[in-house]
Amino acid sequence: MDQIVNVDEFQELAKQALPKMYFDFYNGGAEDQHTLKENVEAFRRIMFRPRVLVDVSKIDMSTRIFGFPISAPIMIAPTAMHKLAHPEGEIATAKAAAACNTIMIVSFMSTCTIEEVASSCNAVRFLQIYVYKRRDVTAQIVKRAENAGFKAIVLTVDVPRLGRREADIKNKMISPQLKNFEGLVSTEVRPNEGSGVEAFASSTLDASLSWKDIEWLRSITKLPILVKGLLTREDALMAVEAGVDGIVVSNHGARQLDYSPATITVLEEVVHVVRGRIPVLLDGGVRRGTDVFKALALGAQAVLIGRPIVYGLAAKGEDGVKKVIEMLKNEFEITMALSGCPTIDDITRNHVRTENERLHSLL
């Protein structure tokens, strides 16, 4: 691992380590994969306005999310089925998150149980959920998470149906039985044609889910509720009005609606209408410490890392995940120093220029 110099290099190692079906499942996006490329490319169009002759002899990257201290504003996004990447699955990811002093959002589609993850190490964890047609299934999982000491619920709201992921259709991607749902619902699908994950999703996900259902979720848990999957100011306002505790600006890693915008390009419109009333987080396309800085400058409290975590896990297990987080932290620290920002609070909107601003300045 000494030769790995950036997070992207883990992608190639993961490709070598994994069966094609599983690598394609993690790696792929929806349809033409336009948004998949754009999530990364959009960060590259944002430039810095670094400030010099600031005392940056001490850099403090630490911050708080919902009052919980983390070592840097870099959290682990919910991604499904980690045992397909590594035999230790989510337990390895959870241990790496704890070692790096950050928050892991555990996926509803985890291959380890909530209780296994909770007992693996002492750390702050959130649980991502889907709402199933059988509400009792979702309710039971939420209750179990609360009992296991999880600190927040992250409701994914951009999946009334699963996006068309053509690699999974071609590969006839299997949906394994997930231990979290044993005795509740069968998750195993071995398709004759098409994607088993899509077949499972269409049979279970509640496509009637709407804003009023936030009240239902409130009624079954005392935990803070974040909604993940917003891309517009209109929905951000609806979220605030519905009384949610946080927003994750996300396009589901470009796996749902292709040609939805890159998340970094819509972050500001969400931040502007939220006006600091609740935290706004961002995921999608974060591959460098510079990307973390750009997201914070545009108003995010923290970023969530998805695919690179899975690639690190596939390549090198728990140590791979740790290495991914540490690399991003190291790059972020250098970016803060070279931009003249000794603390997170010093990062301002004036430290970046978006493509639109550059174009306007030319007019």
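Residues numbered from 1 in each chain as written. Predicted model: local features only at pLDDT ≥ 70, side-chain atom pairs only at ≥ 80, totals over all residues. Heavy atoms only, no water.

Section: the overall build of the chain
Here is step 1 of the chain: Scanning the chain for helices and strands turns up 14 helices and 12 strands.
Here is step 2 of the chain: The C-alpha atoms of the chain give a radius of gyration of 20 Å, which matches the 21 Å a tight globule of 363 residues would have.
Here is step 3 of the chain: Overall size of the chain, expressed as C-alpha extent along the three principal axes, is 60 × 50 × 45 Å.
Here is step 4 of the chain: The buried share of the chain, reckoned over its 363 residues, is 56%.
Here is step 5 of the chain: Residue pairs in contact within the chain that sit at least 24 positions apart in sequence constitute 72% of those at least 6 positions apart.
Here is step 6 of the chain: Counting every atom, the chain has about 15,600 Å² of accessible surface; 51% of that belongs to carbon and sulfur. (Helix = DSSP H or I, 4+ residues; strand = E, 2+ residues; numbered from the N terminus. Rg over C-alpha atoms; globule rule 2.2 N^0.38 Å. Buried < 20%, exposed > 50% of the residue type's maximum accessible area, 1.4 Å probe, protein only. Contact = heavy atoms within 4.5 Å. Areas by Shrake-Rupley, 256 points an atom, 1.4 Å probe, with all protein chains shown as cover.)

Some thoughts on the UniProt feature "active site" (unreviewed entry) in the chain
Here is step 1 of the chain: UniProt records the feature "active site" (unreviewed entry) at His252, using the numbering of this structure.
Here is step 2 of the chain: Along the chain, the position of His252 falls in the loop between strand E9 (246-249) and helix H11 (263-274).
Here is step 3 of the chain: Residue His252 is classed as buried on the basis of its relative accessible area, which comes to 12%.
Here is step 4 of the chain: What His252 contacts, discounting residues up to four positions off in sequence, is Tyr130, Thr156, Asp158, Val159 and Arg165. (UniProt positions renumbered as here; feature names shortened; annotations may be inferred.)

Regarding the environment of Ile309
Here is step 1 of the chain: Structurally, Ile309 can be placed in helix H13 (residues 307-339).
Here is step 2 of the chain: Residue classification places Ile309 among the buried residues on the basis of a relative accessible area of 1%.
Here is step 3 of the chain: Sequence separation of Ile309 and Val271 is 38 residues, and the distance between their C-alpha atoms is 26 Å.

Structural notes on the packing of aromatic side chains
Here is step 1 of the chain: One pass over the full model with this rule turns up 9 aromatic pairs.
Here is step 2 of the chain: Between the aromatic rings of Phe66 and Phe126, the centroid separation amounts to 6.1 Å while the plane-to-plane angle is 70°, which identifies the pairing as edge-to-face. Here the residue Phe66 occupies a position in the loop between strand E2 (63-65) and strand E3 (68-70), and Phe126 occupies one in strand E6 (residues 125-129), the gap between them amounting to 60 residues.
Here is step 3 of the chain: Among the residues examined, Phe66 registers a relative accessible area of 24% and is labelled partly exposed. (Phe/Tyr/Trp six-rings, centres within 6.5 Å; stacked < 30°, edge-to-face > 60°.)

Digging into the side chain of Thr204
Here is step 1 of the chain: Examined against the element boundaries, Thr204 turns out to sit in helix H8 (residues 196-204).
Here is step 2 of the chain: What makes Thr204 buried here is its relative accessible area of 8%.
Here is step 3 of the chain: Within the structure, Thr204 has its side chain in polar contact with the backbone oxygen of Phe200 (distance 2.8 Å).
Here is step 4 of the chain: Ignoring anything within four residues of it in the chain, the contact list for Thr204 reads Tyr132, Lys133 and Val185. (Polar contact = N/O pair within 3.5 Å; in protein donor to acceptor, adjacent residues only side chain to side chain.)

Some details on the layout of surface pockets
Here is step 1 of the chain: Volume-wise, the largest pocket comes out at about 500 Å³.
Here is step 2 of the chain: Listed by contribution, the elements that provide at least two residues to the lining of the largest pocket are strand E7 (152-156), helix H9 (213-220) and strand E8 (225-230).
Here is step 3 of the chain: Of the residues that constitute the lining of the largest pocket, the class distribution is 14 nonpolar, 8 polar and 5 charged. (1 Å grid on protein atoms, 1.4 Å probe; cavity = no way out; pocket = protein on both sides within 12 Å on 5 of 7 lines; lining within 4 Å. Points joined across faces, edges and corners; volume = space filled by probe spheres on them. Nonpolar A, V, L, I, M, F, W, Y, C, P; charged D, E, K, R; others polar.)

Side note on empty space enclosed by the protein
Here is step 1 of the chain: Evaluation of the coordinates by the stated rule reveals 2 cavities of 30 Å³ or more.
Here is step 2 of the chain: Going through the elements one at a time, helix H2 (20-27), H8, strand E11 (302-305) and H13 are the ones with two or more residues in the lining of the largest cavity.
Here is step 3 of the chain: Looking at the lining of the largest cavity element by element, the count peaks at 4 residues for H8.
Here is step 4 of the chain: Partitioned by chemical class, the residues of the lining of the largest cavity number 18 nonpolar, 11 polar and 6 charged.
Here is step 5 of the chain: When its volume is computed, the second largest cavity comes out at roughly 30 Å³.
Here is step 6 of the chain: Taken together, Asp24, Phe25, Gly28, Gly29, Arg165, Glu166, Ala167, Asp168 and Arg255 form the lining of the second largest cavity.
Here is step 7 of the chain: Elements that contribute at least two residues to the lining of the second largest cavity include exactly H2 and helix H7 (166-171).
Here is step 8 of the chain: Top contributing element to the lining of the second largest cavity by residue count: H7, with 3 residues.

Considering the environment of Thr79
Here is step 1 of the chain: Examined against the element boundaries, Thr79 turns out to sit in the loop between strand E4 (74-76) and helix H4 (89-99).
Here is step 2 of the chain: Note: C-alpha distance between Thr79 and Gly253 (174 residues apart in sequence) is 9.6 Å.
Here is step 3 of the chain: At 2.6 Å, the side chain of Thr79 forms a polar contact with the side chain of His82.

Some details on the pattern of salt bridges
Here is step 1 of the chain: For the structure on display, the rule yields 19 salt bridges.
Here is step 2 of the chain: A salt bridge links Glu331 to Arg288, with the nearest nitrogen and oxygen atoms 3.0 Å apart. With Glu331 in helix H13 and Arg288 in the loop between strand E10 (280-283) and helix H12 (289-297), the pair connects residues that are 43 residues apart, well separated along the chain.
Here is step 3 of the chain: Looking at Glu331, the relative accessible area reads 16%, which means it is buried.
Here is step 4 of the chain: Taken together, the shared-partner salt bridges connect Arg135, Asp206, Lys212 and Asp213 into one network. (Salt bridge = Lys/Arg side-chain N within 4 Å of Asp/Glu carboxyl O.)

Observations concerning the nonpolar core
Here is step 1 of the chain: Counting residues in hydrophobic clusters, the biggest one holds 110 residues, and the most contacted among them are Tyr132, Ile247, Leu267 and Leu282.
Here is step 2 of the chain: Top element by residues in this core is H13. It accounts for 12 residues.
Here is step 3 of the chain: Beyond its immediate stretch of four places on either side in the chain, Leu267 contacts Val249, Val280, Leu282, Ala295, Leu298, Gly299 and Ala300.
Here is step 4 of the chain: Listed in part, the 14 residues of the second largest apolar core include Ile65, Val154, Val248 and Leu281. (Core = buried A, V, L, I, M, F, W, Y, C linked by side-chain atoms within 4.5 Å.)

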